[in-house]
Amino acid sequence: GAVVSQHPSWVICKSGTSVKIECRSLDFQATTMFWYRQFPKQSLMLMATSNEGSKATYEQGVEKDKFLINHASLTLSTLTVTSAHPEDSSFYICSARTGGAETQYFGPGTRLLVL
Amino acid sequence: AQSVTQLDSQVPVFEEAPVELRCNYSSSVSVYLFWYVQYPNQGLQLLLKYLSGSTLVKGINGFEAEFNKSQTSFHLRKPSVHISDTAEYFCAVSLGAAGNKLTFGGGTRVLVKP
């Protein structure tokens with residue numbers, strides 16, 4: 001149980017285009033989902049927290065207009081990187097948690113390369 | 001705010017030898033503690049967690065960790081490692097109440113040598 005999937009697993013796009021990444025909880029209802037960014041050989045940096053049906057809460061320094069997060073259902077959250085640039089190239093990981101639970105379950109990650 | 005320090009960025013170890021990964025945290029309130037493992041190009045997998053109760057926690061793949069409140073530590077151990085244990089290990093804390101976000105340490109890269 002507690003499986004989280006991400007799609008796509010990797011994506012290459014041109015500078016200036018937008019990219020959407022999906023995060024799904026496959027066997028549980030995720031009232032809260034988190035989006036992280038990880039640079040090579042570094043730890044995870046929390047970008048934002050999203051609760052189903054409400055606006056995401058962004059961490060300091062994360063541009064909410066650039067990283068659009070939608071958590072429209074209890075099993076799906078999406079992260080859209082708008083007008084992507086090479087510096088947005090990174091490994092993006094989502095996690096999910098049920099309401100009142102203390103454990104986050106992580107997706108396999110999406111590697112984004114912006115050319 | 002809480003913080004997490006993993007004292008070793010890299011730990012080389014021979015196959016079948018024991019390994020200990022150190023994790024210290026700082027927080028003014030009670031915390032939940034977690035260890036996650038990340039294999040190359042993959043997400044994080046939960047190894048074990050401490051929420052309350054017994055301070056010795058056993059996890060998957062033969063790992064265990066001990067919560068030491070006085071030393072604010074949560075070190076991870078395995079008595080005998082395998083080549084397949086080569087990975088990145090992350091210690092994380094959240095405030096001792098449901099609904100709070102995780103704070104991660106910098107990670108420790110374990111390289112198991114034959």
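You'll find the structure just up there.
Residues numbered from 1 in each chain as written. Chains lettered and ligands numbered in written order. Predicted model: local features only at pLDDT ≥ 70, side-chain atom pairs only at ≥ 80, totals over all residues. Heavy atoms only, no water.

A few words now on the overall build of chain B. Looking only at helices and strands, chain B has zero helices and twelve strands in total. Computed over C-alpha atoms, the radius of gyration of chain B comes to 14 Å, within 12% of the 13 Å expected from 2.2 N^0.38 for 114 residues, which places it in the range of a compact globule. Considered along the principal axes of its C-alpha atoms, chain B spans approximately 40 × 30 × 20 Å. For chain B, with 114 residues in total, the buried portion stands at 45%. Across chain B, every contact between residues at least 6 apart in sequence was considered, and the portion connecting residues at least 24 apart equals 56%. In chain B, 9 positive and 8 negative side-chain charges are present, and the distance between their average locations comes to 8 Å. (Helix = DSSP H or I, 4+ residues; strand = E, 2+ residues; numbered from the N terminus. Rg over C-alpha atoms; globule rule 2.2 N^0.38 Å. Buried < 20%, exposed > 50% of the residue type's maximum accessible area, 1.4 Å probe, protein only. Contact = heavy atoms within 4.5 Å. Lys, Arg positive; Asp, Glu negative; His and termini not counted. Charge placed at Lys NZ, Arg CZ, Asp CG, Glu CD.)

This paragraph deals with the interface of chain B and chain A. If you look at the interface, chain B gives 21 residues, while chain A gives 21 residues. Here chain B packs against chain A, burying approximately 1600 Å² in sum over the two surfaces, 54% of which is carbon and sulfur. Per-residue buried area on chain B facing chain A is highest for L44(B), K101(B) and F104(B); these three make up 27% of the total on that side. The interface formed by chain B and chain A includes one salt bridge. In this structure, the salt-bridge partner of E59(A) is K101(B), at a minimum N-O distance of 3.0 Å. The tally of links between chain B and chain A comes to seven residue pairs in polar contact (both at pLDDT 80 or more). Those elements that provide at least two residues to the side of chain B that touches chain A are β5 (31–38) and β6 (44–50) of chain B. With four residues, the top contributor of residues to the side of chain B that touches chain A is β5(B). For the side of chain B that touches chain A, a count of residues per class yields ten nonpolar, eight polar and three charged. (Buried area = accessible area lost by both parts, 1.4 Å probe. Salt bridge = Lys/Arg side-chain N within 4 Å of Asp/Glu carboxyl O. Polar contact = N/O pair within 3.5 Å; in protein donor to acceptor, adjacent residues only side chain to side chain. Nonpolar A, V, L, I, M, F, W, Y, C, P; charged D, E, K, R; others polar.)

With that settled, consider the packing of aromatic side chains. Residue and element names in this part refer to chain B. With the rule as written, the count across this model stands at 13 aromatic pairs over all chains. Centroid distance Y36 to F104: 6.1 Å. Interplanar angle 50°. Geometry classified as tilted. Taken together, the residues Y36 in strand β5 and F104 in strand β11 (residues 103–104) connect sequence positions 68 residues apart. Each of the two residues, Y36 as well as F104, counts as buried. (Phe/Tyr/Trp six-rings, centres within 6.5 Å; stacked < 30°, edge-to-face > 60°.)

Further remarks concern the state of the cysteines. Residues and elements named next belong to chain A. Tallying each qualifying case throughout the model produces two disulfides over all chains. Paired by a disulfide, C23 and C94 hold their sulfur atoms 2.0 Å apart. Since a negative S-S torsion denotes a left-handed disulfide, the C23-C94 link at about 80° is right-handed. In this pair, C23 sits in strand β3 (residues 19–25) while C94 sits in strand β9 (residues 90–97), placing the two residues 71 residues apart along the sequence. (Disulfide = S-S within 2.5 Å.)

All names here are of chain A. Strand order in the open sheet made by the four strands is β1-β3-β8-β7, with antiparallel pairing throughout. One side of each edge strand has no neighbouring strand; the edge strands of this open sheet are β1 (4–7) and β7 (67–73). For this sheet the average axis-to-axis angle between neighbouring strands, irrespective of direction, equals 15°. Two elements, β7 and strand β8 (residues 76–81), share five bridges in a ladder whose sense is antiparallel. The residue bridging S73 from the neighbouring strand is L76, located in β8. (Pairing = 2+ DSSP bridges. Axes fitted to C-alpha atoms, helices over the stretch in contact; angles between N-to-C directions.)

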